[in-house]
Amino acid sequence: MFGFFKKKKETQPDYGPAPDDFSFLAVDFHSHLIPGVDDGSKELAHSCDFVQAFERLGFRKIITTPHIHGDFYRNTPEILQAGLGEVQQALKTVGCGMPVQVAAEYYLDNYFLDEVLPHGLLTFGNNQVLVEVSMAGWPRNFDQILFAVQAAGYNPVLAHPERYAYVEDISIFKELKERGVELQMNLLSPTGYYGAPIRQLAEEMLTAGLYDYAASDLHHERHLANLEEMLRHQKPLMARLAAYGFKNNVLLP
Ligand SMILES: [Fe+2]
């Protein structure tokens, strides 16, 4: 009669208790909170609300990373610094003391190589730069671009490798790590928010211990709602992430 209990599967590792918030990540370094410069926050008031939401979720610092993309968002460090100033001023007005910095999410293509990199990049942490590649296919001259980035003294962090659904074998990411590229998972990827294949790739990479960092990639209200939902209703996943040991569990400069 106790067969039911005996059959209960014991295959899931015990990751300990689920956290109450995201404070196992001290800093979120991937989001789109400078108003009106990309496909992220549209208004200053929304940016302010998002920063305050991050504070409630347990983060202690935000390094926001608007897109710099030759085809869509030709942002410059000056444009982004000016936007940051507005956000900081607005936060002061509402009495929010959350530290906010700005870097960027650089789209790696020839525009980046020819027009962006030579003028200097916005960095965080240890001269790190957040980079992304096409969702349609791996850049043909990726090696050339990576070499140029590293030769200029920057340490690239590849955003959401699990979202490049055309990658069939995670060994490409193992090789990238050996070449000094760090990897950042989107927090919503293992929830299934971006679809089942991306969830599966994220799980595979978590299991292989390939990720260095996790971050929100927050663009809008729906992302925030899903992060809150994840915290409330995805306890085993939250416990797993809290136990993982992401390197942004300390405040990055
Ligand atoms: Fe992003």
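Residues numbered from 1 in each chain as written. Predicted model: local features only at pLDDT ≥ 70, side-chain atom pairs only at ≥ 80, totals over all residues. Heavy atoms only, no water.

## Brief notes about the side chain of Arg240
Link 1 in the chain: With respect to the element layout, Arg240 can be found in helix α9 (residues 235-244).
Link 2 in the chain: Although Arg240 is buried, it makes no salt bridge; Glu203 carries the closest opposite charge, 4.8 Å away.
Link 3 in the chain: Setting aside residues up to four positions removed in sequence, Arg240 forms contacts with Tyr15, Glu203, Leu206 and Thr207. (Helix = DSSP H or I, 4+ residues; strand = E, 2+ residues; numbered from the N terminus. Buried < 20%, exposed > 50% of the residue type's maximum accessible area, 1.4 Å probe, protein only. Lys, Arg positive; Asp, Glu negative; His and termini not counted. Salt bridge = Lys/Arg side-chain N within 4 Å of Asp/Glu carboxyl O. Contact = heavy atoms within 4.5 Å.)

## Brief notes about the packing of helix α2 (residues 44-56) against helix α3 (residues 77-93)
Link 1 in the chain: The geometry of α2 relative to α3 is characterised by a closest axis approach of 9 Å and an angle of 65° between their N-to-C directions. Relative to α3, α2 is oriented roughly perpendicular. Here the hand of the crossing between α2 and α3 comes out right-handed. For the pair α2 and α3, the contacting residues are Leu44, Ser47, Cys48 and Val51 in the first and Glu86, Val87, Ala90 and Leu91 in the second.
Link 2 in the chain: In terms of residue class, the contact of α2 with α3 is built from six nonpolar, one polar and one charged. (Axes fitted to C-alpha atoms, helices over the stretch in contact; angles between N-to-C directions. Parallel < 35°, antiparallel > 145°, perpendicular 65-115°, else oblique. Left-handed = near helix turned anticlockwise from the far one by under 90°. Nonpolar A, V, L, I, M, F, W, Y, C, P; charged D, E, K, R; others polar.)

## A word on the packing of aromatic side chains
Both the distance between ring centres and the angle between the ring planes are used here to describe each pair of aromatic rings.
Link 1 in the chain: Under the criterion given, the structure shown has 13 aromatic pairs.
Link 2 in the chain: Note on Phe72 and Tyr73: the rings are 6.0 Å apart at their centroids and 45° apart in plane angle, and the pair reads as tilted.
Link 3 in the chain: In this structure Phe72 comes out as exposed when scored by relative accessible area, which is 59%.
Link 4 in the chain: Exposure remark for Tyr73: the relative accessible area of 22% places this residue in the partly exposed category.
Link 5 in the chain: With centroids separated by 4.9 Å and ring planes inclined at 85°, the aromatic side chains of Tyr193 and Tyr194 adopt a geometry described as edge-to-face.
Link 6 in the chain: Residue classification places Tyr194 among the buried residues on the basis of a relative accessible area of 16%. (Phe/Tyr/Trp six-rings, centres within 6.5 Å; stacked < 30°, edge-to-face > 60°.)

## Overview of the sheet that holds strand β5 (residues 105-107)
Link 1 in the chain: As summarised here, the arrangement of the six strands in space is β3-β5-β6-β7-β8-β9, forming an open sheet in which the pairing is parallel. Only two strands of the sheet have a single partner each, and these edge strands are β3 (67-68) and β9 (213-215).
Link 2 in the chain: The pairing of strand β6 (residues 128-132) with strand β7 (residues 155-159) spans four bridges and is classified as parallel. By the bridge assignment, Val131 is partnered in β7 with Leu158. (Pairing = 2+ DSSP bridges.)

## Here's the deal with the sheet that holds strand β1 (residues 27-28)
Link 1 in the chain: Taken together, three strands build an open sheet; the order of strands is β1-β2-β4 and the sheet is parallel. Looking at strand neighbours, the two that pair on one side only are β1 and β4 (100-102), the edges of this open sheet.
Link 2 in the chain: With two bridges connecting them, β1 and strand β2 (residues 61-64) associate as parallel partners. Counterpart to Val27 in the pairing with β2 is Lys61.

Bear in mind that shape data such as this cannot, by itself, settle questions of function.
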